[in-house]
Amino acid sequence: MIKKKYNTVNDFLQDPSFNNWVLQNNGTDINFWEFWIASNPDSKHLVDEAKDLILGFSFNKDFVSEEKVAFEWKKLESKIQAKKVKPKNKVAYLRYISIAASVLLLVSIGVYFNSKSSKITHKTNFGEILNIKLQDGSDVTLNSNSSLSYYNNDSRKVWLVGEAFFQVDKKVETHAKFWVLTNDLSVEVYGTSFNVNTKKKKTDVFLEEGSIWLKLKNGTDKKMIPGNYISYSSEKNEIVEDKNISNPVLKTSWKDGSLLFENLSLVKAMEKIEESYGYSIIFKDELSKKLSITGAVPTTNIDICIKAIEKSVDVIVIKKDNSLIISVK
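Residues numbered from 1 in each chain as written. Predicted model: local features only at pLDDT ≥ 70, side-chain atom pairs only at ≥ 80, totals over all residues. Heavy atoms only, no water.

Draft legend 1. Quick look at the pairing of strand 12 (residues 221–224). Relative to strand 12, strand 11 (residues 212–216) is paired through 4 bridges, and the arrangement is antiparallel. Each residue of the ladder has a partner; that of Ile212, found in strand 12, is Met224. The hairpin turn running from strand 11 into strand 12, its antiparallel successor, is 4 residues long, and Gly219 in that turn takes a positive phi close to 95 degrees. (Pairing = 2+ DSSP bridges. Helix = DSSP H or I, 4+ residues; strand = E, 2+ residues; numbered from the N terminus.)

Draft legend 2. Fine view of the layout of surface pockets. Reported here for the largest pocket is a volume of approximately 880 Å³. If you list the elements that add at least two residues to the lining of the largest pocket, you get strand 9 (193–197), strand 10 (203–209), strand 13 (228–233), strand 14 (238–244), helix 7 (249–252), strand 15 (258–265) and helix 8 (266–277). (1 Å grid on protein atoms, 1.4 Å probe; cavity = no way out; pocket = protein on both sides within 12 Å on 5 of 7 lines; lining within 4 Å. Points joined across faces, edges and corners; volume = space filled by probe spheres on them.)

Draft legend 3. Highlighting the sheet that holds strand 9. Ordered by their spatial adjacency, 7 strands build an open sheet running 2-3-6-9-10-13-14, and the pairing between neighbours is antiparallel. The strands lining the two open edges of the sheet, one partner per strand, are strand 2 (130–133) and strand 14. Across this sheet, the average inter-strand angle for adjacent strands is 15 degrees, counted without regard to direction. Where strand 6 (residues 163–167) and strand 9 come together, 5 bridges link them in antiparallel fashion. Residue pairing in the sheet places Gln167 in a bridge with Ser193 of strand 9. (Axes fitted to C-alpha atoms, helices over the stretch in contact; angles between N-to-C directions.)

Draft legend 4. Region of the structure containing helix 2 (residues 16–23). Of all 8 residues that make up helix 2, 6 are buried, and the element is covered over most of its length. Backbone geometry just downstream of helix 2 places Gln24 in the positive-phi region, at approximately 55 degrees. (Buried < 20%, exposed > 50% of the residue type's maximum accessible area, 1.4 Å probe, protein only.)

Draft legend 5. Geometry of the environment of Ala269. Considering the arrangement of structural elements, one finds Ala269 in helix 8. Overall, the relative accessible area of 1% leaves Ala269 in the buried class. Here the alpha-carbon distance between Ala269 and Ile293, two residues 24 residues apart in the chain, equals 7.6 Å. Excluding anything up to four places from it in sequence, Ala269 contacts Phe261, Leu264 and Ile293. (Contact = heavy atoms within 4.5 Å.)

Draft legend 6. The sheet that holds strand 4 (residues 147–151), seen in detail. In spatial order, the strands read 1-4-5-7-8-11-12; together these 7 strands make up an open sheet with mixed pairing. Either end of the sheet is taken by a strand with one partner, and the two such strands are strand 1 (119–123) and strand 12. Direction aside, neighbouring strands of the sheet carry axes that sit 20 degrees apart on average.

Draft legend 7. Expanded view of the nonpolar core. Membership of the largest hydrophobic core comes to 26 residues, with the highest contact counts inside it found for Leu148, Phe166, Val187, Phe194, Ile212 and Leu214. In contact with Leu214, other than residues within four places in its own chain, are Leu185, Ser186, Val187, Val205, Thr220, Asp221, Lys222, Met224 and Ile230. Judged by nonpolar contacts, the second largest core, of 23 residues, contains Leu259, Leu266, Tyr279 and Val317. (Core = buried A, V, L, I, M, F, W, Y, C linked by side-chain atoms within 4.5 Å.)

Purely spatial values, then, with no claim about function.
Shown next as structure tokens:
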């Protein structure tokens, strides 16, 4: 944290870590300020005033330009110079200057947040995979039909909808945490490799390397070790699956452009195809549903994917409009 003493509202406003706490942008700063506020109850009125000032602005790219600030300040200076200040009016004059300086400070704060707190979002379409290098050095592979969001001044706290594979850069000197937030849970990590999937109204987490903590929406924590696969639904308020995966590639092969199946029912396999390409799946007979598939199919070419399924399972797959119709030969 930049400052050690906070005696005025400006001390809080000028500290980036305090602003991160107000805007809930950085897990480390949030923890620090919650502890600091609890330990300094006499400063609560200053904290509340500073917080209200920050939240009172609309931090929007069109809020105010630096040219506008300079223009308004010159107008103010001209008005001040035009006034002939008499000794008896000095107090009022100084008060006028003080108010003007305060207004300028608040406008400047708005400009600062405008440039520092904008949100960045990456999105993918069906059949598309995106590799992202975050500002902190971490790598993210974003699966199809997914989105990843974070603030440009803190890329170690991200919001995920869909599926992504993370290789988090470990910060040895600062021990800064990395957070992945979904509708069901948050993943807390320092540096490791893991997969997160939020599709189907639940969140699935597979840990490939390192260790992570899951903070579930029901208030409980769950520690994971390499090979662990946990599926949690906040809607059902339960852990749907908790098991170890002996072949990690089954959960992460998608990031290399293919889905790997190992004696998986065709119904389950086609659910993965549906997630990747966005096609509705229609089985024309019960027999085709009972078939199992072993092999790999691409995630970025639907025509090759269909041919691979037909060859592996000996079925017919017809692509019609936005559907894949499956039947036995």
